[in-house]
Amino acid sequence: MSCPGCGFFNVPGSASCVACGVSLSGGGVAVATAPPRATAMQKRMRQARMAILGTGVALDSVRPNTAFLLLALLPGLPQTAQARHSLALALAASWAVLAATGIWLFGHPLGTLAIGASIGIHYFSAILPWRPAIAKLGRREAAFVSLAAYAFLAAGVYFPAQRFFQRFYLPVDVLNAEAPPVLRTGDRVLVRVADAGTLPAVGSVVALRMGANSDGIVLDRVIGLPGDRIDYSKGEWRRNGTVLEPEARPLAAGPLPDLISTVVPPGHVFVWPSVNLRVYGAATPGAALGLHPLDRLVGTAWRISAPFGRRGPFEQP
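Residues numbered from 1 in each chain as written. Predicted model: local features only at pLDDT ≥ 70, side-chain atom pairs only at ≥ 80, totals over all residues. Heavy atoms only, no water.

Participant: If you had to explain the packing of helix H5 (residues 109-127) against helix H7 (residues 139-166) to someone new, which residues and values would you point to?
Facilitator: The contact between H5 and H7 brings their axes to 10 Å, and the two run at 120°. Viewed along their axes, H5 and H7 adopt a mutual orientation that is oblique. In this structure, H5 crosses over H7, and the sense of that crossing is right-handed. For the pair formed by H5 and H7, the contact residues are Ser118, Ile119, His122, Tyr123, Ala126 and Ile127 on the first element and Ser146, Ala149, Tyr150, Leu153, Val157 and Tyr158 on the second. Broken down by class, the residue content of the contact of H5 with H7 amounts to nine nonpolar, three polar and no charged. (Axes fitted to C-alpha atoms, helices over the stretch in contact; angles between N-to-C directions. Helix = DSSP H or I, 4+ residues; strand = E, 2+ residues; numbered from the N terminus. Parallel < 35°, antiparallel > 145°, perpendicular 65-115°, else oblique. Left-handed = near helix turned anticlockwise from the far one by under 90°. Contact = heavy atoms within 4.5 Å. Nonpolar A, V, L, I, M, F, W, Y, C, P; charged D, E, K, R; others polar.)

In structure tokens form, the structure reads like this:
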């Protein structure tokens, strides 16, 4: 406080001025040292925040330990173990909505973004109980623990889930092909993976690998199965002597020889790669070009996942 006589600033609580000796007991000014009281709305907001984040819960008896590593496999479960029920519900619900959106949009870029966001929420749920301990570590150690937690989730949850889904559905991009209205350049087709040795139906659009060790994939219609006689001449395709209707022929015209006549051998299907000849154009058109071993069969086209305007079931005859 300031001295009323000389203006010298004295330590609050002094009985007299240290500079001139004037008594300060009658001229002192009381200074409020406590912070202003919160309003009713601020108190309600503080209580809501404590309820959502669980900061009002005593955690001494439920500190994270090695058991939390297993709890982290499910979003929100570590928070449930810490009695932070509101936060656990919010994390679990957000993760479930994003994961379901990613599965529904599987194969579409928006689905990839939704899966990425769900992984982020899962990671936050797993690492949150350990944040007080991580805060005491150095920067390098904290980064290592964070990466280890992400790797734990990737190896324990998301990589196995991806491998599981790819056993049933595989996205195939149409990079350079035009077979309207069935296929267009830029389409992403989800292929229903076939079991080994499964024969596709005649007329179905299938995915076939171009070679045993090739990543190139043919998407085209099955014309013949083992034992069928396939003939082509004068612009007409025949299966066992019957002229094929346009909806049962290859997807696009493509380059063709003047004459094709062959019997499909056992363990093969006849699929004329009409679209992909424009991509893999080095192959010489001939009967052998349409014969594909069954072990190269990936599966049957199921639905178009991208672009969004063409999203929907893949039309099969």
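Participant: Which residues make up the pairing of strand S4 (residues 217-224), and what are the values?
Facilitator: Looking along a regular strand, one sees side chains alternate from face to face of the sheet. Within S4, eight of the eight residues are buried, which leaves it mostly tucked inside the rest of the structure. Pairing analysis gives five bridges linking strand S3 (residues 205-209) to S4, with the strands arranged antiparallel. When the sheet's bridge partners are listed, leucine 208 is paired in S4 with valine 218. (Buried < 20%, exposed > 50% of the residue type's maximum accessible area, 1.4 Å probe, protein only. Pairing = 2+ DSSP bridges.)

Participant: How would you sum up a nonpolar patch on the surface? Please name residues and give values.
Facilitator: A surface patch of nonpolar side chains, about 360 Å² in accessible area, is lined by Ile103, Phe164, Phe165 and Phe168. Checked against the element boundaries, isoleucine 103 lands in helix H4 (residues 85-104). Owing to a relative accessible area of 47%, isoleucine 103 belongs among the partly exposed residues under this scheme. (Patch = residues over 30% accessible without salt bridge, like charges linked within 9 Å, V, L, I, M, F, W, Y side chains within 5 Å. Areas by Shrake-Rupley, 256 points an atom, 1.4 Å probe, with all protein chains shown as cover. Salt bridge = Lys/Arg side-chain N within 4 Å of Asp/Glu carboxyl O.)

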